[in-house]
Amino acid sequence: QVLYSVQDYLCQFVLQASINTNRMLGRVGRNIGTQSQHVQKLLQVPGLQKMSQKWSSEWVDLYGGQGSPYTRKVQSALRYKKIPFTQHTLMPGDMMGDWEERGFGQIKPKVIPVIKYSDGTAQNDSTFIFENVEKRYPSRPIVPQDPLDSFLALLLEDMFDEWGTKVMFGMRWLKEKDQNWSGIWLIYDFQLGTGQPLEECAEMGRMFGSRQVGRMKIVGCDNPEVVSRSFDTFVGSLERHLADGSLCILGSTPTIADFALYGQLSQLVVDRTPDEIIRDKYPAVWSWVRKFEDLSGLEKAHCDNKEYLKEMLTFAGEVYFPFLAANRAALAAGEKELKVNLWKENPIEHIQPVFKYQDKCFQRIKQSYASLPPLYKKRASELFSGTDCKEYLQ
């Protein structure tokens, strides 16, 4: 994240240039006050003023919280794309009653993060933020140009966003020690600096944690076995992928899929139980998460993803697509809950409320696949071999 204002940056840049010049002339250490005055004069130069104004106009504002996987997802992508931004705290659901005064009253649903562009427009939902960011800032793209890779990126981003959050939410709230810790640190994130005593925040955190436990069935993560098997697949597959020195999951540079996975994992290395598991069993994943916090200096990285894709597409065919299909069928039948068996080996019955949003996700995936040119659809079929993906995409 950029740490200095544009003017500070310019001052440092020009001052360093002045110091370098003085070194060449053998006058280092003299007349620092004169140098400072020189910097201020240089900042009045029309060309530098115009440059400063241009840089300032490219900044965006990001509103959210550090305990939000989707906020962290967007933060990482903005850093990779070298888009300067300022981070602001904003609670979801308008819990502090400040969405209207920030100019976000019209945004629904009130989920974070919210991004505000230099032209004053604002939006939320990380998936559609990425679509807009790519149009506004095409440099260092995070949506692949190759049609098949673009489809895979959309599929994996959606799976990590929608199924990965069950893993994150379940690991965060299933055990009492995680409930106590997570509730407190999430409240601290929003309340530090407000002047409210932390003792009160700690009690608020415990109350918040208790309420979140009650939401686990709604999210669809109240079954510990579903959560743990999904966790082992997502984290274990990535650990194996990283073993040969790979970094990104779809090629030499990160995509929307990488950032979606990072967003969920960014929480798992903070919450107590999953952090301990990842440190002990999946150390490369723990390092990967830390590395993905800032990829602004990355140009290209090694990627051999054949086995990783096979594992992820197998999971999609046995778990994620059956869930999406069951959700669609239940909605069509007017039912409030869906029931579906997940995994072929040792299947688990999964029951949860239906969601219209996830049906929209399913439709986007199917439309993306349908729009593939014949050559790329043939390549997709080859990738799907041995999985059940294709039958859900027809």
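Residues numbered from 1 in each chain as written. Predicted model: local features only at pLDDT ≥ 70, side-chain atom pairs only at ≥ 80, totals over all residues. Heavy atoms only, no water.

**Some remarks on unusual backbone geometry**
Put simply, K108 and P109 share a cis peptide bond, and its omega is -10 degrees. Position of P109 among the secondary structure elements: in the loop between β2 (85-89) and β3 (114-116). With an omega dihedral of 10 degrees, the bond running from I112 to P113 counts as a cis peptide bond. Note that P113 resides in the loop between β2 and β3. For D125, which is not glycine, the phi torsion reads 75 degrees and is therefore positive. With a phi close to 75 degrees, W343 is a non-glycine residue in the positive phi region. Judged by relative accessible area, W343 falls into the buried class, the value being 11%. (Helix = DSSP H or I, 4+ residues; strand = E, 2+ residues; numbered from the N terminus. Buried < 20%, exposed > 50% of the residue type's maximum accessible area, 1.4 Å probe, protein only.)

**Let's talk about the side chain of T165**
Mapped onto the elements of the fold, T165 is located in helix α7 (residues 164-173). Under the relative-accessibility criterion, T165 is labelled buried at 16%.

**Observations concerning the sheet that holds β2**
Spatially, the four strands line up as an open sheet ordered β2-β1-β3-β4, and their pairing is mixed. For this open sheet the edge positions go to β2 and β4 (122-124), each flanked by a neighbour on one side alone. Within this sheet the neighbouring strands show an average axis-to-axis angle of 20 degrees, counted without direction. Of the strand pairs in this sheet, strand β1 (residues 60-64) and β2 are connected by five bridges, and their pairing is parallel. Paired with V60 across the bridge in β2 is F85. Along the sheet, helix α5 (residues 126-136) makes contact with β3 and β4, crossing β4 at roughly 135 degrees. (Pairing = 2+ DSSP bridges. Axes fitted to C-alpha atoms, helices over the stretch in contact; angles between N-to-C directions. Contact = heavy atoms within 4.5 Å.)

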